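# Coordinate inspection notes
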Amino acid sequence: METNDVKLLGRCASPYVNRVQIALNMKSINYEYLEENLGSKSSLLLNANPVNKKVPVLIHGHKSVSESLVIVQYIDEVWTNGPCLIPSDPLDRAEARFWADYIDHKWFPLTAEFKLTQGEGRKVVVKERIIEGLVLLEEVFVKCSKGKDYFGGDSIGYLDIVLGSFLGWLTAIEMTSDVQLLDITKTPDLVEWSNRFSLNDVVRNVVPETEKGWIKL
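Under an unreviewed UniProt entry, the protein chain has the name glutathione transferase and belongs to Heracleum sosnowskyi. Under the Catalytic activity (unreviewed entry) heading, UniProt states for the protein chain: "RX + glutathione = an S-substituted glutathione + a halide anion + H(+)".

Let us now look at the overall build of the protein chain. Helix and strand content of the protein chain: 9 helices and 4 strands. Seen in sequence order, the protein chain has helices and strands lined up from the N terminus as β-α-β-α-β-β-α-α-α-α-α-α-α. The C-alpha radius of gyration of the protein chain comes to 17 Å, within 12% of the 17 Å expected for a compact globule of 217 residues. Projected onto the principal axes, the alpha-carbon positions of the protein chain cover approximately 50 × 40 × 30 Å.

With that settled, consider the pairing of strand β4 (residues 63–66). With 4 bridges connecting them, strand β3 (residues 57–60) and β4 associate as antiparallel partners. Bridge pairing links L58 to V65 in β4. Here β3 folds back onto β4 in antiparallel fashion, the turn holding 2 residues, of which G61 has a positive phi close to 65 degrees.

The 4 strands are arranged β2-β1-β3-β4 in an open sheet whose pairing can be described as mixed. The open sheet has two edge strands, β2 (32–35) and β4, and neither has a second partner. In this sheet, adjacent strand axes meet at a mean angle of 20 degrees when their direction is disregarded. The sheet contact formed by strand β1 (residues 6–10) and β3 spans 4 bridges and is antiparallel. Each bridged residue has a counterpart across the sheet, and for V6 the counterpart in β3 is H60.

Most of β1 sits inside the fold, with 4 of its 5 residues counted as buried. Summarising the sheet, β1 and β2 pair through 4 bridges and their orientation is parallel. Directly across from L8, in β2, lies its bridge partner Y33.

Inspection of every chain in the model, using the stated rule, returns 1 cavity of 30 Å³ or more. Surrounding the largest cavity, L134, L163, L167, L170, L182, L190 and W193 form its lining. Secondary-structure elements contributing two or more residues to the lining of the largest cavity are α8 (167–177) and α9 (188–199). Among the residues making up the lining of the largest cavity, the classes are represented as 7 nonpolar, no polar and no charged.

Calculation criteria
- Residues numbered from 1 in each chain as written.
- Predicted model: local features only at pLDDT ≥ 70, side-chain atom pairs only at ≥ 80, totals over all residues.
- Heavy atoms only, no water.
- UniProt positions renumbered as here; feature names shortened; annotations may be inferred.
- Helix = DSSP H or I, 4+ residues; strand = E, 2+ residues; numbered from the N terminus.
- Rg over C-alpha atoms; globule rule 2.2 N^0.38 Å.
- Pairing = 2+ DSSP bridges.
- Axes fitted to C-alpha atoms, helices over the stretch in contact; angles between N-to-C directions.
- Buried < 20%, exposed > 50% of the residue type's maximum accessible area, 1.4 Å probe, protein only.
- 1 Å grid on protein atoms, 1.4 Å probe; cavity = no way out; pocket = protein on both sides within 12 Å on 5 of 7 lines; lining within 4 Å.
- Points joined across faces, edges and corners; volume = space filled by probe spheres on them.
- Nonpolar A, V, L, I, M, F, W, Y, C, P; charged D, E, K, R; others polar.

Encoded structure:
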């Protein structure tokens, strides 16, 4: 499969766009990145994703694919060079998709709830729910990684991309709210994983650096 004529429509601070960038990097796919202004959406975006009208959108030749998890799976299925992102075993694949759904629809929304919650007592409750989710994901990491560096084993895989895309947002919350979410005492394996993931060549310069003000809560 040719690797030319690939475009990605996105926003640099979007974790969902970052997922696609990491997947493309994992497969060593050359692509053109087009930054979108969501206040004035381009005709290219509106034509490529007429239903949701949002990023990310992958344009491959004359085809367009929307929604970050769908795009990551598309990339893995179309470009078979490089490491596999989705587990090959049907049970492992189903489990990875289950936890990806949990991360997107159960765990990550808690970070927005934490930001919007008023009152110290209520914020503490939400913070503890975020941490409980991370403790659960620590157990998932131990099971999936089988003692290796990533959820995907020896290299970054599907769940690494899903959870790792939110690391910049976690750091931003910790810095702006003076809280500790990824705690070495409660989630030691996830802390070590997050450091490895962030320093990986396919991730570096993709996930926004909070200290440079790229992420605004």
